[in-house]
2 protein chains.
Amino acid sequence: MSTPPASIQVDLVIIGAGPAGLALANWFRNTNLKVIIVDKKPGPTPRGQAEGLKSITNEIFDSYGIGPQITAESWRLEEIACWGTSKDGGGIVREQVIPDKVAELGKPRETMLQQARVEHHMLQNILSHPHSNIEIRYNTAPVSVDVDTSCPHETDVFPISVSLERVIADTCAMNGETTTGINGHATNRHATNGRNGHRPNGNDGPTDRISAKYIVGCDGAHSWLRKQIDVTLEGDLTDSVFGVVDMVPKSNFPDIRRVCYLRAASGTILLVPRSNKEVRMYIPVESGSALPDPKDLTFDRVMDAARKIIAPYTMEVGSVSWWSAYRVRQRVGNHFSRLNERAFLVGDAVHTHSPKAGQGMNTSIQDAYNLGWKLRLVLEGQIRSAEARQDLLRTYESERRPVALDLIAFDKGFLKLFAAPSAQFDTEVLQALKFTTGLSIRYAPSCAVQLPEGVQQLGPSLLKADLVPGKRLPDFRVVYQADGIPTWMHRRLSATGQFRVLIFAGDIADPATLRRLHDVGVYLGESKSLKHVMMPEPGQQPLVEVLVVHCAERDQVDFLALPEIYRPWSDESGYDFWRVFADVESVHDGHGRAYERLGIDRQVGCTVVVRPDGYIGAVLDVEHVEGIEMYFERLHV
Amino acid sequence: MSTPPASIQVDLVIIGAGPAGLALANWFRNTNLKVIIVDKKPGPTPRGQAEGLKSITNEIFDSYGIGPQITAESWRLEEIACWGTSKDGGGIVREQVIPDKVAELGKPRETMLQQARVEHHMLQNILSHPHSNIEIRYNTAPVSVDVDTSCPHETDVFPISVSLERVIADTCAMNGETTTGINGHATNRHATNGRNGHRPNGNDGPTDRISAKYIVGCDGAHSWLRKQIDVTLEGDLTDSVFGVVDMVPKSNFPDIRRVCYLRAASGTILLVPRSNKEVRMYIPVESGSALPDPKDLTFDRVMDAARKIIAPYTMEVGSVSWWSAYRVRQRVGNHFSRLNERAFLVGDAVHTHSPKAGQGMNTSIQDAYNLGWKLRLVLEGQIRSAEARQDLLRTYESERRPVALDLIAFDKGFLKLFAAPSAQFDTEVLQALKFTTGLSIRYAPSCAVQLPEGVQQLGPSLLKADLVPGKRLPDFRVVYQADGIPTWMHRRLSATGQFRVLIFAGDIADPATLRRLHDVGVYLGESKSLKHVMMPEPGQQPLVEVLVVHCAERDQVDFLALPEIYRPWSDESGYDFWRVFADVESVHDGHGRAYERLGIDRQVGCTVVVRPDGYIGAVLDVEHVEGIEMYFERLHV
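The following refers to the structure shown. Every value quoted in this text rests on a predicted model; they were computed, and no experiment measured them. (Residues numbered from 1 in each chain as written. Chains lettered and ligands numbered in written order. Predicted model: local features only at pLDDT ≥ 70, side-chain atom pairs only at ≥ 80, totals over all residues. Heavy atoms only, no water.)

Re the overall build of chain A
Then, in step 1: For chain A, the helix and strand inventory stands at 15 helices and 33 strands.
Then, in step 2: Expected size for 637 residues packed as a compact globule is a radius of gyration near 26 Å; at 26 Å, chain A falls within 12% of this value.
Then, in step 3: With respect to the principal axes defined by its C-alpha atoms, chain A has extents near 75 × 70 × 45 Å.
Then, in step 4: A burial count over chain A gives 60% of its 637 residues as buried.
Then, in step 5: Within chain A, counting contacts between residues at least 6 apart in sequence, those at least 24 apart form 75% of the total. (Helix = DSSP H or I, 4+ residues; strand = E, 2+ residues; numbered from the N terminus. Rg over C-alpha atoms; globule rule 2.2 N^0.38 Å. Buried < 20%, exposed > 50% of the residue type's maximum accessible area, 1.4 Å probe, protein only. Contact = heavy atoms within 4.5 Å.)

Here we look at the pattern of salt bridges
Then, in step 1: Scanning the model with the defined rule gives 78 salt bridges over all chains in all.
Then, in step 2: The closest approach of N and O atoms between Asp11(B) and Lys213(B), which form a salt bridge, is 3.4 Å. In this pair, Asp11(B) sits in strand E1 (residues 6-15) while Lys213(B) sits in strand E14 (residues 208-217), placing the two residues 202 residues apart along the sequence. Of the two residues, Asp11(B) and Lys213(B), both sit in the buried class.
Then, in step 3: When salt bridges with common partners are traced through the structure, they connect Glu51(A), Asp246(A), Arg274(A), Glu278(A) and Arg280(A) into a single cluster. (Salt bridge = Lys/Arg side-chain N within 4 Å of Asp/Glu carboxyl O.)

Quick word on the relation of the copies chain B and chain A
Then, in step 1: The operation relating chain B to chain A is a screw motion whose rotation component is 180 degrees, with 0.0 Å of axial translation and a residual RMSD of 0.0 Å. Between the two chains, the operation in question is that of a two-fold axis. For chain B, the smallest separation between a C-alpha atom and the rotation axis is recorded for Gln69(B), amounting to 3.2 Å.
Then, in step 2: Both copies contact each other with a shared surface, as 100% of the interface residues of chain B are interface residues in chain A too. (Least-squares fit on C-alpha atoms with pLDDT ≥ 70 in both.)

Here's the deal with the packing of helix H12 (residues 511-526) of chain B against helix H15 (residues 625-635) of chain B
Residue and element names in this part refer to chain B.
Then, in step 1: Two numbers describe how H12 lies on H15: the axes approach to 10 Å, and their chain directions differ by 35 degrees. In this structure, H12 crosses over H15, and the sense of that crossing is right-handed. Residues Val520, Tyr523 and Leu524 of H12 pack against Val625, Glu626, Ile628 and Glu629 of H15.
Then, in step 2: Among the residues forming the contact of H12 with H15, the class breakdown is five nonpolar, no polar and two charged. (Axes fitted to C-alpha atoms, helices over the stretch in contact; angles between N-to-C directions. Left-handed = near helix turned anticlockwise from the far one by under 90°. Nonpolar A, V, L, I, M, F, W, Y, C, P; charged D, E, K, R; others polar.)

Overview of the sheet that holds strand E33 (residues 616-620) of chain B
Sheet strands pair via backbone hydrogen bonds, and the direction of the pair is either parallel or antiparallel.
All names here are of chain B.
Then, in step 1: Ordered in space as E24-E23-E29-E26-E25-E32-E33, the seven strands form an open sheet in which the pairing is mixed. Because the sheet does not close on itself, it has two edges, and the strands there are strand E24 (486-488) and E33. Going across the sheet, the axis of each strand differs from the next one's by a mean of 30 degrees, ignoring polarity.
Then, in step 2: The pairing of strand E25 (residues 499-506) with strand E32 (residues 606-610) spans five bridges and is classified as antiparallel. (Pairing = 2+ DSSP bridges.)

Things to note about the interface of chain B and chain A
Then, in step 1: The interface of chain B with chain A comprises 43 residues on the first partner and 43 residues on the second.
Then, in step 2: Summing both partners gives a buried area of about 3,600 Å² for chain B against chain A, and 61% of it is carried by carbon and sulfur.
Then, in step 3: Seen at the junction of chain B and chain A, the total is 14 residue pairs in polar contact (both at pLDDT 80 or more).
Then, in step 4: Within the residue set of the side of chain B that touches chain A, elements represented by two or more residues are helix H3 (67-73), strand E4 (75-76), strand E15 (233-251), strand E27 (569-570) and strand E28 (574-575) of chain B. (Buried area = accessible area lost by both parts, 1.4 Å probe. Polar contact = N/O pair within 3.5 Å; in protein donor to acceptor, adjacent residues only side chain to side chain.)

Now the structure itself:
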């Protein structure tokens, strides 16, 4: 006779410890909130799967404090070579080489690091935090979930009930139908449907019951939670089967260390260099009506297809660290949240597409990054009304579902670009590179993205600008006033759950401009409606941090004469020297030219409310301090 | 009745697992050589002690593969502020702020990281290597050592016999006489003489006997090995007692986040920012004839002295992570090696000086880096005669003892610079900054530093140049020919024990220049006298790697058409794409201007033989291929 399962109360249960689940959990590592992550896998992904990090994702890692380690391990990509069929039919010829660069970013737009290492760093960041209350259970799968929908967004109830069981994991699946193998040996296994291939570990009953306030499915293309909460994926299977191979090539192809699009009659190979002398290749194996099941493909057949395209160059196989075959499904979930925003789906669980633009892991991490701070604010009791809590949580779907839909549309067009280059090829590629870097994302107005009073929609000039509500704050380099150390801003905007009021104060060597900054600082310091978010009781982290970026020479600024809100004093550690920045030449790293890059007038300036996820909540005139009060009032914090 | 001690045979025994010992051991992590490190401490240094890394030391970490991690953790220093007494006697005033910069380096010259973390990364780098044969024993001290001097530099004998015992460690000592404490509580302990404060762990007999080929003492200012091998330190005690404090200051001193020299009548405080809101301060407490014993100093007395100097600014104490007091000894060992170069002393064991120029840990690591590759070459059997082996090992003393003597001379002058600034202050400070970065070090001619035939001494113009035998190869940034990825050269010159023949080939878009590079490559590939070092049997690492830095545009170069020595083929992994570099604009990181910085003519070029430690062994005309053969013949490799 089995004993009744134990019940544990947690704030949040996350199904799936892949990139999405771990990125979500990282929001909670510096809180007291209790989080459980379960995954049927026996541990982190060992090899293969996703690879490639966009700069926006690296900025997320910066905000989690793991950017430098990840960058140090990543392989950089500098150039893209395009090859096509030669006119005389004798194989492929190089058509052009273009820089793999988006100048606006001011840094590499793309680096290669395998999912295994990305998971490793995110996992270590959670485990190594001295105070985090996050538990990770591998070999564990959910069996059932019940949600009591009678209490929308009360904060002290646990309406989710999940039963878990220990499992022995089967092999992991990529997007779509897959077969995976290592060292060239196909395993011919794939994830089954229904209970996702797991089976009880000599125990056919649930071993644990968990009560939670919220549940998030980060459980991939075959998401278990998606089925439980009646979300369906909408879209199509594509009509091509691809092989993907990570291997050391032995080849005389001269561009084997560049990103390459190799166009031939039978399809376009995408080749991407990675570390350890390896390359990753996406190889079209078959297309048309009578497609093979990907799991029937063999490694040799994939390599035969590759050799045909790359001829007359040779391509012998050195060591193979991973390979797989797949048929792409381009689908998006009809909902991203359900049950009064008590249940959410993130990443592959609600969108699948071609892996070739390197958007799968990036988009999953960005989904999680969008959802995490909202759940954190709600769970920490920062939002004062149930309606406002639900409003904020609804923005997860209203912000991220359009991104997924745009991604599918992009995905359909992207490879056509290389299949039949047009006269505007360079321009089109640059547009595509910008898209994959997230530069064109703009979230719709909501409680967290507020347009100026009376404005319903952005006009054409603002739509093109970088500094508008709903877009991500572009990263820029400035110098700390107090010590001259340069920093990228997103590295400074660590994922603490805080909003930032970023005052671009202008040239405060001008007394009138300094006076304005002073008046704003005094106003903010005395504002009754902001006191609880800007200057809470000692020992509490303020929900809003005020930062200043001026463009005066540093020796013209008397830091300690600024109002206290810009350099608060603590009885434990003295002044805070890290809130005031200058847009000036640095001693070692050059000039960041932040005002110029962001299009900010040095005399006028502006104030930007930055959300905890680095997106712009509002853009205001520096004098318009009431606009700051209004932003947080509308959020009900 | 005690059992006789067990005997173990090792290649090398290292006494002391501080920065010097660990830096030495890192040379052996990717070899089969058996190394034991012993230290009486219970584990790595927990806090305090040395801090501050010069760029040359960071380049050593780059070559060990741990540069990025260490840089990511380090605190950068950008500016130096000089304060003096005000004319009206009312306290101190800022006199000037100068950049903490040496433009030639092209990167920050100095970063702050505490010894504990430096040791951590070096230790992890050894422990995490899959194949290293290095054992570290903490709580272990040597009891006796015997050296059989009858067999100088045979490679298959073990003339060193060391007995070890388990100990319980006492507190660790800094240079000179010290008293240390944490959190403001003085412990009033200090390292005792004789057996260095260790005591047997309930066992009064030796527990192990080790036979070794070589022994190196990295055991600090109170070195046990130094006494056993009759090396004496020559020099003086200085006439000042200092306190050193790592703490969070609560202060209204405006330059508290800059490197500061605060000059007052009672002495000059050196203040250096570090991470976690802390600063390190070196505080003169007393000078003159009736000096207190440092161990009688209290934290309060140190802070009283600090407050007097910094007045009228306030300086309250937040948390204190470490403090100590010391009286400087400026001394250098009369020998750095003994007993036919079977025994060596490294770091604080043979030189002690003021910690204020941040040279202790840096010089110790550089000593070890100088010795390590020589021992590695000898132990691996790469040097063909006993005389040549001893010649090479003798260069450790002939190269590093003059550096230590120069350092003492510098140390005596350095603080005087700030005590009484002259009209040439800026120039003198810049000279000092260059000195501490190692830019003025030039090793004397030897088997490993070879001047052109017939030249006995460098002329005045060459003495000033950067690219001369005996100087360190200045670091520079170039771009890989094959993939456009930028790299700093010393990061590429990993510590594998290999020499590099670095051919600055010039503008090989010019057919004649390309022809010259081709001919050199063919000659090197066919040279009988170089075959065993450049192209050994498959599977063996060549002792010499040939690298090419050209200055043509990359699209003018047909990489695979170059002679094989520049892009060797391996049956396991295809071509080696990482031996040819271009001095051109990179896609994301600008132009390194290597030819310009190194003073190399783009038409003429030159060839540089780089030793395994990054120092220049020879500078040759590109055509003078016999010069390369001669270099290695004289070394007897």
